[in-house]
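Below, each chain spelled out in residue letters.
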Amino acid sequence: MTSAPGVFCVWRLVLAIPEKASADLRLACIQFQPAIGRLDDNLKSMERLIRQAAGLGATVVVLPELADSGYVFDSREELAAIAAPIPAGRSALLLCSLAHELGMHIVSGLAERDGDRFFNAAMLCGPSGPIGTFRKLHLWNREKLYFQPGNLGLPVFDTAIGRIGVAICYDGWFPETYRQLALKGAELVCVPTNWVPMPGQGHHLEPMANILHKAAAHSNGIYIACADRVGTERGQAFVGRSLIVGPTGWPIAGPASEQDEEILIATISLGDIAKSRALSERNDAIGDRRTDVYG
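Residues numbered from 1 in each chain as written. Predicted model: local features only at pLDDT ≥ 70, side-chain atom pairs only at ≥ 80, totals over all residues. Heavy atoms only, no water.

**Student:** It is not clear to me how empty space enclosed by the protein should be interpreted in this structure. Could you clarify?
**Tutor:** To find the voids left in a structure, one rolls a probe of water-molecule size over its atoms. Counting across every chain of the model gives 2 cavities of 30 Å³ or more. Considering only enclosed or pocket space, the largest cavity measures out at about 60 Å³ in volume. Trp140, Cys169, Tyr170, Trp173, Asn194, Trp195, Val196 and Met198 together form the lining of the largest cavity. By volume, the second largest cavity is sized at about 40 Å³. In terms of lining, the second largest cavity is formed by Asp68, Ala84, Pro85, Ile86, Gly89, Arg90, Ser91, Ala92, Leu110 and Ala111. No other element matches the 3 residues that helix α3 (residues 90–102) contributes to the lining of the second largest cavity. (1 Å grid on protein atoms, 1.4 Å probe; cavity = no way out; pocket = protein on both sides within 12 Å on 5 of 7 lines; lining within 4 Å. Points joined across faces, edges and corners; volume = space filled by probe spheres on them. Helix = DSSP H or I, 4+ residues; strand = E, 2+ residues; numbered from the N terminus.)

**Student:** I'm lost on the packing of aromatic side chains in this one. Help?
**Tutor:** How two aromatic rings sit relative to each other is given by the distance of their centres and the angle of their planes. As enumerated under the stated definition, the model contains 5 aromatic pairs in all. Residues Phe73 and Phe147 carry aromatic rings whose centres are separated by 6.3 Å and whose planes lie at 70 degrees to one another, so their mutual orientation is edge-to-face. Taken as a pair, Phe73 in the loop between β2 (60–62) and α2 (76–80) and Phe147 in the loop between α4 (143–146) and β6 (156–159) lie far apart in primary sequence, 74 residues in all. Overall, the relative accessible area of 3% leaves Phe73 in the buried class. Judged by relative accessible area, which is 4%, Phe147 ranks as buried. Taken together, a centroid distance of 5.0 Å and an interplanar angle of 70 degrees make the contact between Trp140 and Tyr170 edge-to-face. (Phe/Tyr/Trp six-rings, centres within 6.5 Å; stacked < 30°, edge-to-face > 60°. Buried < 20%, exposed > 50% of the residue type's maximum accessible area, 1.4 Å probe, protein only.)

**Student:** What's the story with the pattern of salt bridges in this structure? I'm lost.
**Tutor:** Side chains that carry opposite charge are capable of pairing whenever their charged atoms lie near each other. For the coordinates displayed, the defined rule picks out 18 salt bridges. When the shortest N-O distance is used, the salt bridge between Arg117 and Asp114 registers 3.1 Å. Here Asp272 makes a salt bridge to Lys275, at a shortest N to O gap of 3.9 Å. Overlapping salt bridges bring together Glu112, Asp114, Arg117 and Arg135 as one network. (Salt bridge = Lys/Arg side-chain N within 4 Å of Asp/Glu carboxyl O.)

**Student:** Quick question: what am I supposed to make of the sheet that holds strand β7 (residues 162–166) here?
**Tutor:** Strand pairing in a sheet takes place through backbone hydrogen bonds and is either antiparallel or parallel in direction. A sheet is described by the order of its strands in space; here 6 strands give the open sequence β6-β7-β8-β9-β12-β13, paired in mixed fashion. Every other strand in the sheet has two partners, leaving β6 and β13 (251–253) as the edge strands with one partner each. Each neighbouring strand pair of the sheet contributes to a mean axis angle of 25 degrees, computed without reference to strand direction. In the sheet, β7 pairs with strand β8 (residues 188–192) via 3 bridges, with the strands oriented parallel. Its bridge partner being in β8, Gly165 is matched across the sheet by Val189. Lying on the sheet, helix α5 (residues 175–183) is in contact with β6, β7, β8 and β9 (223–227); it crosses β8 at an angle near 145 degrees. (Pairing = 2+ DSSP bridges. Axes fitted to C-alpha atoms, helices over the stretch in contact; angles between N-to-C directions. Contact = heavy atoms within 4.5 Å.)

**Student:** Teacher, can you tell me more about the packing of helix α1 (residues 39–55) against α3 here?
**Tutor:** Relative orientation and spacing of two packed helices are given, respectively, by the angle between their axes and the distance between those axes. It is the contact of α1 with α3, at a shortest axis distance of 11 Å, that shows an interaxial angle of 15 degrees. It follows that α1 is roughly parallel to α3 by the angle criterion. Classified by chirality, the crossing of α3 by α1 is right-handed. For the pair α1 and α3, the contacting residues are Leu39, Asp40, Leu43, Met46, Glu47, Ile50, Arg51 and Ala54 in the first and Arg90, Ser91, Leu94, Leu95, Leu98, Glu101 and Leu102 in the second. Counted by class, the contact of α1 with α3 contains 9 nonpolar, 1 polar and 5 charged residues. (Parallel < 35°, antiparallel > 145°, perpendicular 65-115°, else oblique. Left-handed = near helix turned anticlockwise from the far one by under 90°. Nonpolar A, V, L, I, M, F, W, Y, C, P; charged D, E, K, R; others polar.)

**Student:** Hey, could you run me through the sheet that holds strand β3 (residues 105–114) in this one?
**Tutor:** Strand order across the open sheet formed by 6 strands is β5-β4-β3-β2-β1-β14, with mixed pairing between neighbours. Every other strand in the sheet has two partners, leaving β5 (129–135) and β14 (262–268) as the edge strands with one partner each. Here the average twist between neighbouring strands, direction ignored, is 30 degrees. Alignment of β3 against strand β4 (residues 117–126), held across 9 bridges, turns out to be antiparallel. Considered in β4, the bridge of Leu110 is made with Ala121. Of the strands in this sheet, β1 (25–31), β2, β3 and β14 touch α1, which is tilted by about 150 degrees from β1. Docked against the sheet, α3 engages β3, β4 and β5, running at close to 10 degrees with respect to β4.

**Student:** Where do I start with the UniProt feature "domain: CN hydrolase" (unreviewed entry) in the chain in this structure?
**Tutor:** Residues annotated in UniProt with the feature "domain: CN hydrolase" (unreviewed entry) correspond here to residues 25–270. Measuring from the first to the last C-alpha atom of residues 25–270 gives 8 Å, for a span that is 25% helix and 30% strand. (UniProt positions renumbered as here; feature names shortened; annotations may be inferred.)

Here is the structure:
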């Protein structure tokens, strides 16, 4: 496994807006099956798939929620045995090393330890090292037994390739998440996720998660890249169906299968955001908001 040079341990949030690259970006969502508590195996899978995505030309890669740890914990002690600080932990160091080596940006869900607290988190790193972290705001079901609710808000990170926001899984059920990120200038929102079937979701129906994220992309005029996991873990099934949605709300890659490991690839142009928000000659998805009525 690739060792991570210590020079990339410095944590930073880029505050100045750098010059943006004008070229189109190759964006990848990685769908795979993490194994609960098996850090070594998960990191090997993550590295293998990131390298595959790089071989397909990807310069931005998104991995699932809790990609390094698995999801269905039985106890706080089980979580404590695998969670690590960001960006100084083993998982974060590996991802930063790969981002540097491959010249790409990586967003991955990770189990984060901060002192005696644990967060369902995601890290963004780039070729020059770690850029920022997001902690899941809306915890789902048994997550509330082990994780603290996110306390870092909804940051938007200025990078050399554009303005990137992050959300995790159940955060996407709240329209405020994507509206706030859009108003803060996000052009691309990366979503590490572990989607589960929703009540009333028949097998023949499109997953509610996909419907919600297509609607969010359309109503905010942003790219949304959702990387889900697959498989069944301790009786909990996951729906797969990762997808990449363009700012008009239509999928530009995926949805992926329900159960297979896959890498979705799409070419995106963040410079098209403003144009995509023009829904007609006289309508704009952001500009038409009636803030005098609903704030």
